[in-house]
Amino acid sequence: MEIEKIDDNIYEVPIGYRPGMRVPGRIFVSAALREMVEPGTVDQVANVATLPGIVGHSMAMPDAHLGYGFPIGGVAAFKEQGGIISPGGVGFDINCGVRLLRSDLQARDVQPLINTLLDALFQAVPSGLGSTGRLHATDRQLTESFLRGAEWAVEEGYGVESDLDFCEENGSMPGADPSQVGVKARKRGRPQLGTLGSGNHFLEIQRVEEIYNPEIAKRFGLFKGQITVMIHCGSRGAGHQICTDHLDVLSKAVRKYNIDIPDKQLACAPLGTPEADHYFGAMVCAANYAWANRHIIAHWTREVFDRYFPGSQLQLLYDVAHNVAKIEEHRVEGKKERLYVHRKGATRAFGPSRTEIPAAYEGLGQPVLIPGSMGTASYVLCGQDKALDLTFGSACHGSGRVMSRSQALRQFTGKEVKAALNRDGIAVRSTSPGMLAEEAPQVYKPSGDVVDVVHNLGIATRVARLVPLGVSKG
Ligand SMILES: Nc1nc2c(ncn2[C@@H]2O[C@H](COP(=O)(O)O)[C@@H](O)[C@H]2O)c(=O)[nH]1
Ligand SMILES: [Mn+2]
Ligand SMILES: [Mn+2]
């Protein structure tokens, strides 16, 4: 059975595409991006549609590609009564997310110092595979980060109270249960608090190249030529281990509760069961840890900027989670319902009608932060109410990979990638040249095309385009 174009930028995976689908699938792509969606990703959208209690559609955003069970770029919402929760719908890097700091600096003033600044940031923010932090968190501090996320970080002197207004969930999601975090996850997470990680995680100095919507840009504090800093990272080994540990438990739960799943990577548990509650409680711990992590990294970034540009202001524009399951109220067939919305490689994109958006952005919608690659543009968008009708208030989370890491390693060398970036005026630091090859801009879809889809669908409106000047990769 074929998938069917039902509107500009909307393709439907009909019920019947595979046995057991309870709802249709929807893939939000342009005709050009449709060509880049592998058949396996379509199959994953259909597989997710078979899960109990799924509401509306099993969805894939325009940056979608193959993931563990659920596609990356996948969105699925489940009824509180009769639905499930699945770690595959959240991802291993729980609350991987993006934070954007806006400065009061002009690019022309920063550009001459870009290499010095980047060296200092590379030193100040530990990065790389398995990197450990400057923080040396105690066991008690780790627990506090699990329980209170960015709120705890502020109490410890990282960032300021007002930052919390500009984090999704105010940087601290309720429902954390540290008793469901295993010894191994604690052991991996403790030394890594305050680290960027590796690969696709980055800290990037950017220039605002284009303003699309002057009114919203003004309210977001953005102007042409401005320096911004984007931070992308998550819950490090803590989140990964929590996901791994609970996948084991939920694989057994699938048998215990007799759930028919087409792929064992869709391990899940019915909401309301101890297995589901335990995973949710542990997942929230990892989500809060990730908010604390980004908060600490932002603090060290501010310190570096202050060293080279004394008195400069780096203000938090917003911090979004793009790998998380959340309890949210949505309209289903005209009635308000509490749903477990899984966003895995997808960003919340709430419009002005939602109370969850920061007071400072009242009447606008939440900032939606979409990174491109270390060589191409990233975007700031603003969530729109139409997203509530189409995608349970969600948009894409990046450009999305089109080339595997192994293929990239065969095709590029780190040295070539670095030289090409330098020719384009982009400075780069990395802990390993191989990582630069794996992360070459060519491995990602064109960010502008991906963003056009969500803009044209009316899910989120384009506000500004940001281009990289200096990137610190893991
Ligand atoms: N601006 C930059 N964007 C980047 C970089 N490396 C990756 N990316 C983008 O981030 C998303 C995040 O994907 P995730 O699934 O790993 O969370 C990815 O799709 C790319 O578009 C970078 O160095 N700079
Ligand atoms: Mn991540
Ligand atoms: Mn991410």
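Computed from a predicted structure; not experimentally measured. (Residues numbered from 1 in each chain as written. Chains lettered and ligands numbered in written order. Predicted model: local features only at pLDDT ≥ 70, side-chain atom pairs only at ≥ 80, totals over all residues. Heavy atoms only, no water.)

Brief notes about helix 14 (residues 447-457)
Thought 1: Considered for burial, the residues of helix 14 that qualify are Ser447, Gly448, Val450, Val451, Val453, Val454 and Leu457.
Thought 2: Just beyond helix 14, the residue with positive phi is Gly458, at close to 85°. (Buried < 20%, exposed > 50% of the residue type's maximum accessible area, 1.4 Å probe, protein only. Helix = DSSP H or I, 4+ residues; strand = E, 2+ residues; numbered from the N terminus.)

Here we look at the pairing of strand 2 (residues 10-13)
Thought 1: Alternating residues of strand 2 divide into Ile10 and Glu12 and Tyr11 and Val13, and every residue in both groups is buried.
Thought 2: Strand direction decides the pairing type here: strand 1 (residues 4-7) and strand 2, joined by three bridges, are antiparallel. Bridged to Glu4 within strand 2 is Glu12.
Thought 3: Here strand 1 folds back onto strand 2 in antiparallel fashion, the turn holding two residues, of which Asn9 has a positive phi close to 70°.
Thought 4: Relative to strand 3 (residues 25-27), strand 2 runs antiparallel, the two being bridged by three bridges. Bridge assignment links Tyr11 to a residue of strand 3, and that residue is Ile27. (Pairing = 2+ DSSP bridges.)

Quick word on the coordination of the manganese ion (ligand 2)
Note on metal geometry: ideal angles are 109.5 degrees for four donors arranged tetrahedrally and 90 or 180 degrees for six donors arranged octahedrally.
Thought 1: Taken together, the protein ligands of the manganese ion (ligand 2) are Asp93 (OD), Cys96 (SG) and His201 (NE2), with distances of 2.1 to 2.3 Å.
Thought 2: A separation of 3.6 Å is found between the manganese ion (ligand 2) and the manganese ion (ligand 3), which are bridged by Cys96. Residue Asp93 shares its accessibility class with Cys96, and that shared class is buried. (Donors = N, O, S within 2.8 Å, 3.2 Å for Na, K, Ca; no water.)

With respect to the nonpolar core
Thought 1: If you look at the biggest cluster of nonpolar residues, it comprises 164 residues, and the most contacted ones within it are Phe220, Met283 and Phe305.
Thought 2: Among the elements that take part in this core, helix 9 (residues 274-308) stands out by supplying 18 residues, more than any other.
Thought 3: The contact partners of Phe220, leaving out residues within four places of it in the chain, are Arg102, Leu317, Tyr361, Leu364, Gly365, Gln366, Pro367, Val380, Leu381, Cys382 and Val463. (Core = buried A, V, L, I, M, F, W, Y, C linked by side-chain atoms within 4.5 Å. Contact = heavy atoms within 4.5 Å.)

Quick look at the UniProt feature "binding site: Mn(2+) 2" (unreviewed entry) in the chain
Thought 1: Those places that UniProt annotates as "binding site: Mn(2+) 2" (unreviewed entry) correspond, in this numbering, to His232 and His322. These annotated residues cover 91 residues of sequence, but their C-alpha atoms sit close together, with the largest distance between any two at 10.2 Å.
Thought 2: Relative to the helices and strands, His232 is located in strand 9 (residues 226-233).
Thought 3: When its relative accessible area of 7% is taken as the criterion, His232 is described as buried. (UniProt positions renumbered as here; feature names shortened; annotations may be inferred.)

Thoughts on the confidence of the model for the chain
Thought 1: Taken over all residues, the pLDDT of the chain has a mean of 97, while the share at 70 or more is 100%.
Thought 2: What the predictor reports for the complex is a pTM of 0.98 with an ipTM of 0.99. (pLDDT = per-residue confidence, 0-100.)

Section: the coordination of the manganese ion (ligand 3)
Thought 1: In this structure, Cys96 (SG), His232 (NE2) and His322 (NE2) serve as the protein donors to the manganese ion (ligand 3), at separations of 2.1 to 2.3 Å.
Thought 2: Site description for the manganese ion (ligand 3): donor spacing in sequence, C-x135-H-x89-H.

What about the sheet that holds strand 4 (residues 54-65)?
Thought 1: One open sheet accounts for seven strands, arranged 1-2-3-4-5-13-12; its pairing is mixed. Where the open sheet ends on each side, the last strands, each with one partner, are strand 1 and strand 12 (323-332). Averaged over all neighbouring strand pairs, the angle between strand axes comes to 30°, with direction disregarded.
Thought 2: Where strand 12 meets strand 13 (residues 335-344), 10 bridges bridge the pair, whose relative direction is antiparallel. Counterpart to Lys326 in the pairing with strand 13 is Val341.
Thought 3: Against the sheet, helix 2 (residues 39-48) contacts strand 2, strand 3, strand 4 and strand 5 (72-79), and its axis sits at roughly 160° relative to strand 4. (Axes fitted to C-alpha atoms, helices over the stretch in contact; angles between N-to-C directions.)

Structural notes on unusual backbone geometry
Among all residues except glycine, the phi angle is most often negative; among peptide bonds, the trans geometry is most common.
Thought 1: Of note, Asn170 is a non-glycine position whose phi angle comes to about 55°, a positive value.
Thought 2: The topology assignment puts Asn170 in the loop between helix 5 (139-155) and helix 6 (183-189).
Thought 3: When its relative accessible area of 42% is taken as the criterion, Asn170 is described as partly exposed.
Thought 4: Phi is positive for Phe392, close to 50°, though the residue is something other than glycine.
Thought 5: With respect to the element layout, Phe392 can be found in the loop between helix 10 (386-391) and strand 17 (394-395).

Some details on the site of ligand 1
Thought 1: Contacts to ligand 1 come from 18 residues, most closely from Asn200, Glu204, Gly372, His397 and Ser399.
Thought 2: In the model, an oxygen atom of ligand 1 is placed 2.6 Å from a nitrogen or oxygen of the Gly372 main chain.
Thought 3: Lys473 places a side-chain nitrogen or oxygen 2.9 Å from a nitrogen atom of ligand 1.
Thought 4: Across the complex, the protein chains shield 94% of the 510 Å² of accessible surface that ligand 1 would expose by itself.
Thought 5: The set of elements that each furnish at least two residues to the shell around ligand 1 consists of strand 8 (202-211) and strand 19 (460-473).
Thought 6: Of the residues contributing to the shell around ligand 1, the split by class is five nonpolar, 10 polar and three charged. (Near = heavy atom within 4 Å. Polar contact = N/O pair within 3.5 Å; in protein donor to acceptor, adjacent residues only side chain to side chain. Areas by Shrake-Rupley, 256 points an atom, 1.4 Å probe, with all protein chains shown as cover. Nonpolar A, V, L, I, M, F, W, Y, C, P; charged D, E, K, R; others polar.)

Brief notes about the state of the cysteines
Thought 1: If you walk through the whole model with that rule in mind, you get zero disulfides.
Thought 2: In this model Cys268 remains outside any disulfide bridge; the closest cysteine sulfur is found in Cys243, 13 Å from its own.
Thought 3: A residue is classified by how much of its surface remains accessible, and Cys268, at 0% relative accessible area, is buried.
Thought 4: Between Cys396, a cysteine without a disulfide, and Cys382, which holds the nearest cysteine sulfur, the sulfur-to-sulfur distance is 14 Å. (Disulfide = S-S within 2.5 Å.)

What to know about the packing of aromatic side chains
Thought 1: Under the counting rule described, the total for this entry stands at eight aromatic pairs.
Thought 2: Here the aromatic rings of Tyr68 and Phe92 are separated by 5.2 Å at their centres, their planes lie at 80°, and the arrangement is edge-to-face. One end of the pair, Tyr68, is in the loop between strand 4 and strand 5; the other, Phe92, is in the loop between strand 6 (84-85) and strand 7 (97-106), with 24 residues separating them in the sequence.
Thought 3: For Tyr68, a relative accessible area of 29% puts it in the partly exposed group.
Thought 4: By relative accessible area, which is 24% here, Phe92 ends up partly exposed.
Thought 5: Centroid distance Tyr212 to Tyr379: 6.4 Å. Interplanar angle 20°. Geometry classified as stacked. (Phe/Tyr/Trp six-rings, centres within 6.5 Å; stacked < 30°, edge-to-face > 60°.)

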